[in-house]
Amino acid sequence: MADIRNYTLNFGPQHPSAHGVLRMVLELDGEVVQRADPHIGLLHRATEKLAEHKTFLQAMPYMDRLDYVSMMCNEHAYVMATEKLLGIEVPIRAQYIRVMFDEITRILNHLLWLGAHGLDIGAMTMFLYTFREREDLMDIYEAVSGARLHAAYYRPGGVYRDLPDSMPLYEVSKMKVHSAQQVAAMNDNRHGSMLDFIEDFTNRFPVCVDEYETLLTDNRIWKQRTVGIGVVTPERAMALGLTGPMLRGSGVAWDLRKKQPYEVYDKVDFDIPVGVNGDCYDRYLVRMEEMRQANRIIKQCVAWLRKNPGPVITDNHKVAPPSRVGMKQNMEELIHHFKLFTEGMHVPEGEVYAAVEHPKGEFGIYLVSDGANKPYRMKIRAPGFSHMSAMDEMARGHMIADVVALMGTFDIVFGEIDR
Amino acid sequence: MKLENLKQNLQALLGEKLVRMSGYAGQLTAEIRPENWQEAAQILRDAPALRFEQLTDLCGMDLSTYGDGRWKGARFCVVTHLLSVSNNQRVRLKVYPADDDFPMVDSVSGIWSGANWFEREAFDLYGIIFNGHPDLRRILSDYGFIGHPFRKDFPISGNVEMRYDPEQRRVIYQPVTVEPRELTPRIVREEGYGG
């Protein structure tokens, strides 16, 4: 009788389906996983420690770099925590803008997840389809904040500026990649305001989701790779700390936007999709429906924002800077501006936890202030961290190829897991 | 209203295990005696009026420089956030390990499986020991890392830096050459400063 031993396989950190820098030590019996030990931290940048050495405003752009595919949702949790500590009100228009951008971000995130998940388990075409729509959303990001990825658009007390009246246009390049006629066609929906462009997108997008679904939902290979893989019962899902689509895929109707509404989520109309079996396929369906619902929310926000102009940031100049005009005419406002950007705002002593329904799950910020101009302690509660810790339990007994499907379904982004 | 309810339930069910409770910004914080931490966690999860099925977050905290020395209690703190999906409520729990030089509390990873990695993280970053944890290894810092990086006495630039040494032909560690600097000084202002 030959001596049969388990294999130990090192997976990553350079594996394309490791989504960046995951190293996993897999103990295998043949091709069946006996134990999965993820080694994380290869992208650890000590964001929380850095924030302790920055003023409240300076720490804000770090949030974009956590989960770098859903930037504005990270910012949202941070500014909400700061606002709760400061006890300030956010203008209603800013709340609608935030909700709209949270949902744009949700689509942005789910599109990347769908493309990458498909790519990981053999559906190459998905990536090309989803990046087509992502491009438009990135343009919206760029038009509003100046950056396609790291927007830094939200501020404690509101958002940095109001929505622009125009969208940037494509230009004919010297390289002659597109003819003048083609460029004109590409600019077709960009002649109006940004809201027009977003509305045009929301009208197009449901058809796009249908396209993705025709490629995957009834696809035999897709189902073979996802149905019955990584099944989690509702009880285990809660004990393991799973949140967001991971929890809803197991049939728990839990969504912070409904259960603990923040901003104006109680004023918009949307549904929460819930899975039945708690496998990768159900989580796929949940996320697909979430994109449709996000689209619905964006539509309502666009309609509201068209009708209701107003301020987009608080007029408390201890928190938000005064207008440029005011600053140049008024000594007090000049001093406010100077103090705000040199010393920063002072946040009253206290501690607060603020969470948002991030595309990946519950993203929370635990902020402790001792009255200084810098946070005393900031803890980022990243959904991916909890999901990753469930890897061992979920992967046991599955084939090695299913580990890749699991990573896809977790929607892993290492920026937030390692922080 | 809901907060009052939760407060009463906690008081009734935890009783002596509770040191104090406080509310701020509509959130309830309860301080638990470190020796009762595990029993309290069991009650928090299982009592029907509480039913905190999910551990949202667990983190360490170093209070040694809090308020520029105003803090007089224990140096370390373990802060836990719990969520009850069935009762739709949250609570924040604080446990102060008694010994500052060897901070140790019981592990709750047997009660909430999700606590496993959070406790590893608190151990890695703050050096808090979780008694009874199945696998207390470092999680975020490098293999062979020395020290606990999030303690307030650990410099932000770290203690060692890494470079390739052409003479030895390998990567070596050496003491950091970065000059410590502060862009914006930390200031605590008196009450009502600036109007």
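Rules used throughout
- Residues numbered from 1 in each chain as written.
- Chains lettered and ligands numbered in written order.
- Predicted model: local features only at pLDDT ≥ 70, side-chain atom pairs only at ≥ 80, totals over all residues.
- Helix = DSSP H or I, 4+ residues; strand = E, 2+ residues; numbered from the N terminus.
- Buried ≥ 20, exposed ≤ 12 C-beta atoms within 10 Å, placed from the backbone.
- Rg over C-alpha atoms; globule rule 2.2 N^0.38 Å.
- Contact = placed C-beta atoms within 7 Å.
- Pairing = 2+ DSSP bridges.
- Axes fitted to C-alpha atoms, helices over the stretch in contact; angles between N-to-C directions.
- Parallel < 35°, antiparallel > 145°, perpendicular 65-115°, else oblique.
- Nonpolar A, V, L, I, M, F, W, Y, C, P; charged D, E, K, R; others polar.
- Left-handed = near helix turned anticlockwise from the far one by under 90°.
- pLDDT = per-residue confidence, 0-100.
- Expected span 1.5 Å × (residues − 1).

### What about the overall build of chain B?
Within chain B one finds three helices and nine strands. Along the chain direction, N to C, the helices and strands of chain B fall in the order α-β-β-α-β-β-β-β-α-β-β-β. In terms of principal-axis extent, the alpha carbons of chain B reach across some 70 × 50 × 30 Å. Within chain B, buried positions represent 34% of all 195 residues.

### Some words on the overall build of chain A
Scanning chain A from terminus to terminus reveals 17 helices and eight strands. In terms of overall size, chain A behaves like a compact globule, its C-alpha atoms giving a radius of gyration of 23 Å where 419 residues would be expected to give roughly 22 Å. Projected onto the principal axes, the alpha-carbon positions of chain A cover approximately 90 × 60 × 45 Å. For chain A, the proportion of its 419 residues judged to be buried stands at 52%. Within chain A, counting contacts between residues at least 6 apart in sequence, those at least 24 apart form 69% of the total.

### Describing the sheet that holds strand β7 (residues 361-369) of chain A
Backbone-to-backbone hydrogen bonds pair the strands of a sheet. The strands run either parallel or antiparallel. Residue and element names in this part refer to chain A. Read from one edge to the other, the open sheet built from three strands follows the order β6-β7-β8, with strand pairing classed as antiparallel. Each end of this open sheet is capped by a strand with a single partner; those strands are β6 (350-358) and β8 (377-381). Strand-to-strand twist across the sheet, computed as the mean angle between neighbouring axes with direction ignored, equals 10°. Two elements, β6 and β7, share nine bridges in a ladder whose sense is antiparallel. Its bridge partner being in β7, Y353 is matched across the sheet by Y366. Across the sheet, helix α2 (residues 71-86) touches β6 and β7, and the angle it forms with β6 is around 150°.

### Considering the packing of α2(A) against helix α3 (residues 92-120) of chain A
Residues and elements named next belong to chain A. Two elements in contact, α2 and α3, have axes whose closest approach is 7 Å; the angle formed by their N-to-C orientations is 140°. Overall, the two elements α2 and α3 adopt an arrangement that is oblique. Seen from α2, the contacting residues are M71, M72, C73 and H76; seen from α3, they are R98, F101, D102 and T105. Counted by class, the contact of α2 with α3 contains four nonpolar, two polar and two charged residues.

### With respect to the sheet that holds strand β1 (residues 18-24) of chain B
Residue and element names in this part refer to chain B. The five strands are arranged β1-β2-β5-β4-β3 in an open sheet whose pairing can be described as mixed. What marks the edges here is a single partner per strand, and that holds for β1 and β3 (54-62). Taking the axes of each pair of neighbouring strands and ignoring which way they run, one obtains an average angle of 20° across the sheet. Note: strand β2 (residues 27-32) against strand β5 (residues 89-95), four bridges, orientation parallel. Within the sheet, the bridge partner assigned to T29 lies in β5 and is R92. Sheet contacts for helix α1 (residues 2-14): β1, β2 and β5; angle to β1, the most-contacted strand, approximately 175°.

### Let's talk about the interface of chain B and chain A
Each side of the interface is counted separately: chain B has 34 residues, and chain A has 39 residues. Among the elements of the structure, β3, β4 (76-84) and α3 (115-126) of chain B are those that each provide at least two residues to the side of chain B that touches chain A. Looking at side-chain class alone, the side of chain B that touches chain A contains 18 nonpolar, eleven polar and five charged residues.

### What about the environment of A98(B)?
All names here are of chain B. Structurally, A98 can be placed in the loop between β5 and β6 (104-106). Judged by C-beta crowding, with 14 C-beta atoms within 10 Å, A98 ranks as partly exposed. Taking the C-alpha atoms as reference points, A98 and C77, separated by 21 residues in sequence, lie 9.5 Å from one another. Not counting residues up to four positions away in its chain, the partners in contact with A98 are P34 and A74.

### A look at the pairing of β8(A)
β8(A) sits mainly inside the fold: five of its five residues count as buried. Side chains R377(A), K379(A) and R381(A) of β8(A) all project onto a buried face; the interleaved residues M378(A) and I380(A) project onto the opposite face, where all are buried too.

### A few points about unusual backbone geometry
Glycine aside, residues mostly have negative phi, and peptide bonds are mostly found in the trans state. The backbone phi angle of A46(A) is positive, close to 55°, even though this residue is not glycine. Mapping A46(A) onto the fold places it in the loop between β3 (32-39) and α1 (47-52).

### Concerning the packing of α3(A) against helix α11 (residues 280-307) of chain A
Residues and elements named next belong to chain A. Close contact between α3 and α11 brings their axes to 9 Å; oriented N to C, the two are set at 155°. Accordingly, the angle class assigned to the pair α3 and α11 is roughly antiparallel. Read as a crossing pair, α3 and α11 show a hand that is left-handed. Residues R93, Y96, I97, V99, M100, E103, I104, R106, I107, H110 and W113 of α3 touch α11, and the partners they reach there are R287, E290, M291, A294, N295, I297, I298, C301, V302, W304 and L305.

### Some words on the confidence of the model for chain B
Should the pLDDT be low somewhere, the predicted coordinates at that spot are not to be read in detail. A residue-level look at chain B finds 98% of positions with pLDDT of 70 or above and a mean pLDDT of 87. Across the interfaces of the predicted complex, the ipTM metric reaches 0.89, alongside a pTM of 0.90.

### Here's the deal with the pairing of β3(A)
The side chains of a regular strand alternate, first on one face of the sheet and then on the other. Residue and element names in this part refer to chain A. With seven bridges connecting them, strand β2 (residues 23-29) and β3 associate as antiparallel partners. In the strand pairing of β3, L26 is matched with A36. Linking β2 back to β3 in an antiparallel pair, the connection comprises two residues, with G30 at a positive phi of about 70°.

### Re the environment of A12(B)
All names here are of chain B. Take A12: it is sitting in helix α1. A residue is classified by how many C-beta atoms lie within 10 Å of it, and A12, with 10 of them, is exposed. The spacing of A12 and T177 is 165 residues in sequence and 56 Å in space, taken between C-alpha atoms.

### Details of α3(A)
Spanning 29 residues, α3(A) covers 41 Å between terminal C-alpha atoms, matching the ideal 42 Å at 1.5 Å per step. Burial analysis of α3(A) places 27 of its 29 residues in the buried class, which makes it a mostly covered element.

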